[in-house]
Amino acid sequence: MKIKQTHKCHGGDLQIWEHGSTALNCPMTFSIFLPEASKTENVPFITFLSGLTCTHDNFTTKAGAYKYASDLGIAIIAPDTSPRGDDVPDDEAFYFGKGAGFYINATQKPWSKHYRMESYIADELYHLLPKNFPLNKDNQSICGHSMGGHGALTLYFKYRGHYKSVSAFAPIVNPSDVPWGQKAFKGYLGNNINAWKQHDACELVHSAKSTNAEILIDQGLGDDFLGEQLRPEIFKRCCEAAGQKINLRVHEGYDHSYYFISTFIEDHLIHHANILSGNR
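Because the structure is predicted, anything quoted here is derived from the model rather than measured.

**Student:** In this structure, what is going on with the nonpolar core? I would like to understand it.
**Tutor:** Most often, soluble globular proteins keep nonpolar side chains buried together rather than apart. In terms of nonpolar packing, the biggest core is built from 91 residues, with Phe 59, Phe 102, Leu 135, Tyr 188 and Phe 235 touching the most fellow members. When residues in this core are grouped by element, the largest group, nine residues, is from helix α10 (residues 258–276).

**Student:** Can you help me understand the environment of Ala 100 in this one?
**Tutor:** Tracing the backbone through its elements, the reader meets Ala 100 in the loop between β5 (75–79) and α3 (117–132). A sequence separation of 80 residues divides Ala 100 from Trp 180, and the C-alpha atoms of the two residues are 9.7 Å apart. If sequence neighbours within four positions are ignored, Ala 100 has contacts with Leu 52, Thr 81, Ser 82, Phe 94, Tyr 95, Met 147 and Tyr 188.

**Student:** It is not clear to me how the pairing of strand β3 (residues 26–34) should be interpreted in this structure. Could you clarify?
**Tutor:** Sheet faces and side chains relate simply in a regular strand, where the side chains alternate between the two faces. Counting buried positions over the nine residues of β3 gives eight, a clear majority of the element. Adjacent in sequence and paired antiparallel, strand β2 (residues 12–21) and β3 are bridged by four residues, among which Asn 25 carries a positive phi angle near 60°. Relative to β5, β3 runs antiparallel, the two being bridged by four bridges. Pairing of Ser 31 across the sheet is with Ala 78, part of β5.

**Student:** Any chance you could explain the pattern of salt bridges here in plain terms?
**Tutor:** Pairing between side chains of opposite charge can happen when the charged atoms of each approach one another. According to the stated counting rule, one finds 10 salt bridges in the structure shown. A salt bridge links Lys 4 to Glu 18, with the nearest nitrogen and oxygen atoms 3.8 Å apart. Taken together, the residues Lys 4 in strand β1 (residues 2–9) and Glu 18 in strand β2 connect sequence positions 14 residues apart. Here Arg 249 makes a salt bridge to Asp 267, at a shortest N to O gap of 2.8 Å. Taken as a pair, Arg 249 in strand β9 (residues 246–251) and Asp 267 in helix α10 lie far apart in primary sequence, 18 residues in all. Note on Arg 249: relative accessible area 24%, which makes it partly exposed. Note on Asp 267: relative accessible area 32%, which makes it partly exposed. One salt-bridge network, held together by shared partners, links Lys 2, Lys 4 and Glu 18.

**Student:** So what exactly am I meant to see when it comes to the sheet that holds strand β8 (residues 215–220) here?
**Tutor:** Two orientations exist for strands paired in a sheet by backbone hydrogen bonds: parallel and antiparallel. Spatial strand order, β1-β2-β3-β5-β4-β6-β7-β8-β9: nine strands in an open sheet with mixed pairing. Looking at the sheet topology across the chains shown, the edges are occupied by β1 and β9. Neighbour-to-neighbour, the strand axes of the sheet open up by a mean angle of 20°, direction not taken into account. As judged from the six bridges shared by strand β4 (residues 43–49) and strand β6 (residues 135–145), these two strands associate in the parallel manner. Bridged to Ile 46 within β6 is Ser 141. Its contacts with the sheet put α3 on β2, β3, β4, β5 and β6, and the angle it makes with β2 is roughly 120°. The sheet contacts of helix α9 (residues 232–242) involve β8 and β9, and relative to β9 the element is tilted by about 160°.

About the cut-offs
Residues take numbers from 1 onward in each chain, read along the sequence in its written order. Thresholds applied to this predicted model are a pLDDT of at least 70 for local features of residues and 80 or more for the giving and counting of side-chain atom pairs; totals over whole chains, interfaces and linings are not thresholded and use all residues. Computation of side-chain values: all heavy atoms of the structure, hydrogens and water removed. Note on terminology: a nonpolar core comprises buried Ala, Val, Leu, Ile, Met, Phe, Trp, Tyr and Cys residues joined through side-chain atoms within 4.5 Å. The buried label applies to any residue whose accessible area, calculated with a 1.4 Å probe on protein chains only, is under 20% of its type's maximum; exposed applies above 50%, and partly exposed to all values in between. Secondary structure elements follow DSSP: runs of H or I of four or more residues count as helices, runs of E of two or more count as strands, with numbering from the N terminus. Contact between two residues is taken to exist if any of their heavy atoms lie within 4.5 Å; hydrogens are not considered. For two strands to be treated as a pair, DSSP must find no fewer than two bridges joining them. Each reported salt bridge corresponds to a side-chain nitrogen of Lys or Arg within 4 Å of a carboxyl oxygen of Asp or Glu. As a rule, the C-alpha atoms of each element are fitted with a line to give its axis, helices using only the stretch in contact, and angles between N-to-C directions run from 0 to 180 degrees.

Shown next, in the form of structure tokens:
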């Protein structure tokens, strides 16, 4: 691992790191914010998964999360959204290939060599980060935006021992049935629809072990992708049918951007902090 940048931020430290990923077979970059409390103890932490076309940098520079994280004594990790490098295959569509890893493990060539974002997040980083930073491995949560919201929800359901809570901004909740997800799943996983459903939050909520932790989702009603790609009301109905607590909040006028995320990020961090501290 090699540190690329370090910045003092709200009493804590924001660091940018590069490392060679064994899961993805390429170099990867992530940011980590460590609050002042991490100087004396292993702190709880949140992994934030970003959306299509993003890198680690979008959340790091635009979300405005670190003052709240500092006040709450929580670390935040922001990984990249896909493998990177000249040898990594790509596609001309912005919702497939580089910047669009969809947080799954590809099974189809040429994607299967590098596009293993599920293993990268839920296995490699899950073990790597607490070994190298003052983080409490047993006290972590996951959050995401858009494609990253899909990733956060599905990894939460599939790895119930990893994450104590989950939240999302404008997530792709039913990728098996929307154009972005169908393009990615067909390319990464092939034509087997049953394989797609293993990475679909609307399917997984029915088979996953239910939890007392409420899922928080925020959705802007001014989001251009709401009707065709996101459709959070479908996920809400699935949660209710499965007995999973969910708080779906909709907001007039807000779009899909980081202006939306920065408006409500404090609520999400408080949501996770309360669960991580055992207050609910």
